[in-house]
Amino acid sequence: MGPNGAGKSTLMNLLAGDLEPTSGDSRRSHKLRIGRYSQHFVDILAMDENPVQYLRRMYLNAEGGSYKPEEIRAKLGKFGGAEQMLLTSSSIHILHSRFLNGIL
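In this text the structure is predicted, and so the values were computed from the model without any measurement.

**Q** Explanation requested: the nonpolar core in the structure shown.
**A** One recurring pattern in soluble globular proteins: nonpolar side chains tend to sit buried together. Residues Val 52, Tyr 54, Leu 55, Tyr 59, Tyr 67, Ile 72 and Leu 76 constitute the largest nonpolar core, which totals seven residues. Only α2 (51-58) and α3 (69-76) provide two or more residues apiece to this core. Per-element tally for this core: the top contributor is α2, with three residues.

**Q** Sorry, what's going on with the pattern of salt bridges here?
**A** Side chains bearing opposite charge may pair, as long as their charged atoms lie close to each other. Taken as a whole and assessed by the stated rule, the structure comprises two salt bridges. Residue Asp 25 pairs with Arg 27 through a salt bridge whose shortest N-O separation is 3.2 Å. Each member of the pair Asp 25 and Arg 27 is classed as exposed. Taking the shortest distance from any N to any O, the salt bridge between Arg 57 and Glu 49 comes out at 2.7 Å. In this structure Glu 49 comes out as buried when scored by relative accessible area, which is 13%.

**Q** Can you help me understand α2 in this one?
**A** Helical periodicity: at 3.6 residues per turn, an α-helix aligns residues three or four positions apart in one direction. Taken together, the buried positions of α2 are occupied by Pro 51, Val 52, Tyr 54 and Leu 55. One face of α2 carries all of its buried residues, which in axial projection span an arc of 160 degrees. For α2, the side-chain oxygen to backbone nitrogen distance between the N-cap and Val 52 is 2.9 Å, and the N-cap itself is Asn 50.

**Q** Explanation requested: the side chain of Glu 49 in the structure shown.
**A** If you trace the backbone, Glu 49 turns up in the loop between α1 (8-16) and α2. There is a polar contact of 2.7 Å between the side chain of Glu 49 and the side chain of Arg 57.

**Q** Explain the environment of Leu 15 to me, please; I cannot follow it from the model alone.
**A** If you trace the backbone, Leu 15 turns up in helix α1. Judged by its relative accessible area of 36%, Leu 15 is partly exposed. Between the C-alpha atoms of Leu 15 and Arg 28, which are 13 residues apart in sequence, the distance is 7.3 Å. The contacts of Leu 15, once residues within four sequence positions are left out, are Arg 28, Leu 32 and Ile 34.

What counts and how
Residues numbered from 1 in each chain as written. Predicted model: local features only at pLDDT ≥ 70, side-chain atom pairs only at ≥ 80, totals over all residues. Heavy atoms only, no water. Core = buried A, V, L, I, M, F, W, Y, C linked by side-chain atoms within 4.5 Å. Buried < 20%, exposed > 50% of the residue type's maximum accessible area, 1.4 Å probe, protein only. Helix = DSSP H or I, 4+ residues; strand = E, 2+ residues; numbered from the N terminus. Salt bridge = Lys/Arg side-chain N within 4 Å of Asp/Glu carboxyl O. Arc of directions from axis to C-beta. Polar contact = N/O pair within 3.5 Å; in protein donor to acceptor, adjacent residues only side chain to side chain. Contact = heavy atoms within 4.5 Å.

Shown next, in the form of structure tokens:
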């Protein structure tokens, strides 16, 4: 919480590694995991892509390849209402945050 222009988003971007400091250095614990929901997340969604396609594109399996659609669906099946979530692209932010937080 803070006024506009105080640096809240900049701090989050530094912590997430999306930005590098212009001076000094930044060190993050190797155990640090950040999950966040951007207020502008909807602006980066491809509206012609469904949630399974998005997750396959964004996350690689242990071998460095894409998950199969059925693997993504199996992970989503751990959550109630997963079938309904798959029907709308607006649910991508929920799935994205669960992947970031290691829930899926």
